[in-house]
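The chain contents come next:
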Amino acid sequence: MADLSLPGQDGLSRSISETPPNHYILKIQSFSQLTKHKIDRYNSTDFEAGGYKWKLVLHPNGNKNKGISDHISVYLLIAESNSLVLGWQIRAIFRLFLLDQNKDTYLTLQDIAENGRRFHQMKPEWGFDKFIPHSVFNDSANGYLVNDTCVFGAEVYVCQEKLIGKGECLSMIKDAITYKNTWRVEFSSLTDECVDSQPFNAADQKWKIQLYPRGKGSGAGSYISLYLTLAEPENLPPASRIYAEFTLRILDQLNRNHYFGTANYWFSASHSTCGWPRFVSHGYFNLPTAGLLVKNTCLVEAEVIVHGMANGL
């Protein structure tokens, strides 16, 4: 193993600390599932330090834009930068952490640039392309990845430090279960702009299918719009997010040539719905040989796989 405790020659200082990060902790369970589900970049929820909001950014397979493939890349990103005044600039000194679970110490990386780094509109993110080699990280003897679980952290100092303890636990799900629900829709009885299916359960959450028979948004007037939505988004904590892969189908009742769309989405209380305003045109839907509408009835199916949950600590 390389001596990661010594100062590097790449503009950063590596050290070992017994003190946990003051501002943010990101615990990731089932870390290998990030690669399995091709999550190349993970942005944490916001945390506050020095009067500003920040995010911890993780590239588990390395930052492909920098040509990195044999290291984990980790960065600090200023959040909600579009809400800051025009021409904003923030200088910050920051440290990023990785817990050694065997020794209960933290590998700490800090940029050695004098007076910190300058965050601004064109450069809202700073960090380490080569935070730790995969070979070192993946060896459980080193303590960084144990039982497929790891813990990252961050400290940020902007002029005066403002301590607000906050964190997040990202849990990726191994061997995620596929949930299916079929909804029978009688089109002759539809008078509302939007109709909802009965709620159904998938991975401890309640979901609904939403159907707009006369279309919504760009699909208004010529398409059927179809969406998957959380049935009770108000019950989801603001910092919680659900990463789901889902398929919506209108079943072909004659030829089994089903009409479908598939997507991946981070569902949350503020972003609780995902789907297609132009799911299927009225012309094709009403075509007798298409089998989507038979005796004025269609069958809508939702297939939901929840791959991960991010919750505040």
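Cut-offs and rules
Numbers given to residues run from 1 along each chain, matching the order in which its sequence is written. In keeping with the predicted nature of the model, local features appear solely for residues at pLDDT of at least 70, side-chain atom pairs appear and are counted solely at 80 or more, and the whole-chain, interface and lining totals rest on all residues. For side-chain calculations, the full set of non-hydrogen atoms in the structure is used, while hydrogens and water are omitted. We define a salt bridge as a contact between a side-chain nitrogen of Lys or Arg and a carboxyl oxygen of Asp or Glu at a distance within 4 Å. For every residue, the accessible area obtained with a 1.4 Å probe (protein chains only) is divided by the maximum for its type, and the residue is called buried under 20%, exposed over 50%, and partly exposed between those limits. Annotation comment: domain bounds sourced from an automatic or database domain assignment. In this description, contact between two residues means that some pair of their heavy atoms is separated by no more than 4.5 Å. Summed over both partners, the accessible area lost on bringing two parts together, with a 1.4 Å probe, is the buried area. N or O atoms closer than or at 3.5 Å make up a polar contact, with two conditions inside protein: a donor-capable atom paired with an acceptor-capable one, and, for residues adjacent in sequence, both atoms drawn from side chains. We count a stretch as a helix when DSSP gives it H or I for four or more residues in a row; a strand needs E for two or more, and each element gets its number in order from the N terminus. Buried Ala, Val, Leu, Ile, Met, Phe, Trp, Tyr and Cys residues that are joined via side-chain atoms within 4.5 Å together make up what is termed a nonpolar core. UniProt positions are given in the numbering used here, feature names are shortened, and annotations may be inferred rather than shown by experiment. Two rings from Phe, Tyr or Trp (for Trp, the six-membered ring) form a pair when their centres sit within 6.5 Å of each other. Planes less than 30 degrees apart are called stacked, planes more than 60 degrees apart edge-to-face, and all others tilted. When the NZ atom of lysine or the CZ atom of arginine is within 6 Å of a ring's centre and also within 35 degrees of its normal, the charge is said to sit over that ring. Positive charges come from Lys and Arg alone, negative charges from Asp and Glu alone, with His and the N- and C-terminal ends not counted.

Brief notes about the pattern of salt bridges
1) Next: Scanning the model with the defined rule gives 15 salt bridges in all.
2) Next: Here Arg 117 ties to Asp 111 by a salt bridge, and the two come within 2.8 Å at their closest N and O atoms.
3) Next: Taking relative accessible area as the criterion, Asp 111 reaches 11% and is therefore assigned buried.
4) Next: Linked through salt bridges whose partners overlap, the residues forming this network are Lys 180, Arg 249, Glu 301 and Glu 303.

Description of the domain arrangement of the protein
1) Next: Domains assigned within the protein are domain 1 (12–163) and domain 2 (169–312).
2) Next: Relative placement of domain 1 and domain 2: their C-alpha centres are 35 Å apart.
3) Next: Between domain 1 and domain 2, the residue contacts involve 16 residues of the former and 13 residues of the latter.
4) Next: Carbon and sulfur atoms supply 58% of the area buried between domain 1 and domain 2, which totals about 1,200 Å² over both sides.
5) Next: Taken as a group, Gln 29, His 37 and Tyr 42 account for 37% of the area that domain 1 buries against domain 2, more than any other trio of residues on that side.
6) Next: Where domain 1 packs against domain 2, one counts one salt bridge.
7) Next: Linking Asp 148 and Lys 174 is a salt bridge whose minimum nitrogen-to-oxygen distance equals 3.7 Å.
8) Next: Counting every contact that joins domain 1 to domain 2 gives eight residue pairs in polar contact (both at pLDDT 80 or more).
9) Next: Looking at the side of domain 1 that touches domain 2, the elements that each hand over two or more residues are strand S2 (24–29), helix H1 (32–36) and strand S3 (42–43).

Examining the nonpolar core
1) Next: Counting residues in hydrophobic clusters, the biggest one holds 42 residues, and the most contacted among them are Trp 54, Phe 137 and Phe 152.
2) Next: By residue number, the principal contributor to this core is strand S7 (residues 89–100), which donates five residues.
3) Next: Inspection of this core shows a minimum of three residues originating in each of domain 1 (12–163) and domain 2 (169–312).
4) Next: One finds Val 280, Phe 285, Ala 302 and Val 306 within the second-largest nonpolar core, a separate group that totals 35 residues.

Digging into the UniProt feature "domain: MATH" (unreviewed entry) in the protein
1) Next: Following the UniProt record, the feature "domain: MATH" (unreviewed entry) maps to residues 21–156 and 178–304 here.
2) Next: For the annotated span residues 178–304, helix accounts for 3% and strand for 53% of the residues, and the straight-line distance between the end C-alpha atoms is 6 Å.

Quick word on the packing of aromatic side chains
Aromatic rings in a pair are described by how distant their centres are and how their planes are angled relative to each other.
1) Next: For the structure shown, the criterion picks out 20 aromatic pairs.
2) Next: Ring geometry for Phe 137 against Phe 152: centres 6.3 Å apart, planes inclined by 25 degrees, an arrangement best described as stacked. Placement of Phe 137 in helix H2 (residues 134–137) and of Phe 152 in strand S11 (residues 149–157) is noted, with a sequence separation of 15 residues between them.
3) Next: For Phe 137, a relative accessible area of 0% translates into the label buried.
4) Next: Grouped by ring-pair contacts, the aromatic residues Phe 31, Trp 54, Phe 94, Phe 119, Phe 128, Phe 131, Phe 137 and Phe 152 constitute a single cluster.
5) Next: Lys 123 extends its terminal NZ or CZ atom over the ring of Trp 126, reaching a point 4.5 Å from the ring centre.
6) Next: Positioned above the aromatic ring of Tyr 227, the side-chain terminus of Lys 216 is 5.2 Å from the ring centre.

Let's talk about unusual backbone geometry
One can expect most non-glycine residues to show negative phi and most peptide bonds to be in trans.
1) Next: The backbone of Asp 175 sits at a positive phi, close to 50 degrees, despite the residue not being glycine.
2) Next: Mapped onto the elements of the fold, Asp 175 is located in the loop between strand S12 (166–172) and strand S13 (178–186).
3) Next: In this structure Asp 175 comes out as exposed when scored by relative accessible area, which is 66%.
4) Next: Even without glycine at this site, Arg 256 takes up a positive phi of about 60 degrees.
5) Next: Tracing the backbone shows Arg 256 in the loop between strand S18 (241–250) and strand S19 (259–268).

Here we look at the side chain of Asp 100
1) Next: As for its position among the elements, Asp 100 is in strand S7.
2) Next: Although Asp 100 is buried, it makes no salt bridge; Lys 103 carries the closest opposite charge, 4.6 Å away.
3) Next: A polar side-chain atom of Asp 100 sits 3.2 Å from the main-chain amide nitrogen of Lys 103.
4) Next: Those residues within four positions of Asp 100 in sequence are excluded, and the remaining contacts are Thr 105, Tyr 106, Asn 142, Gly 143 and Tyr 144.

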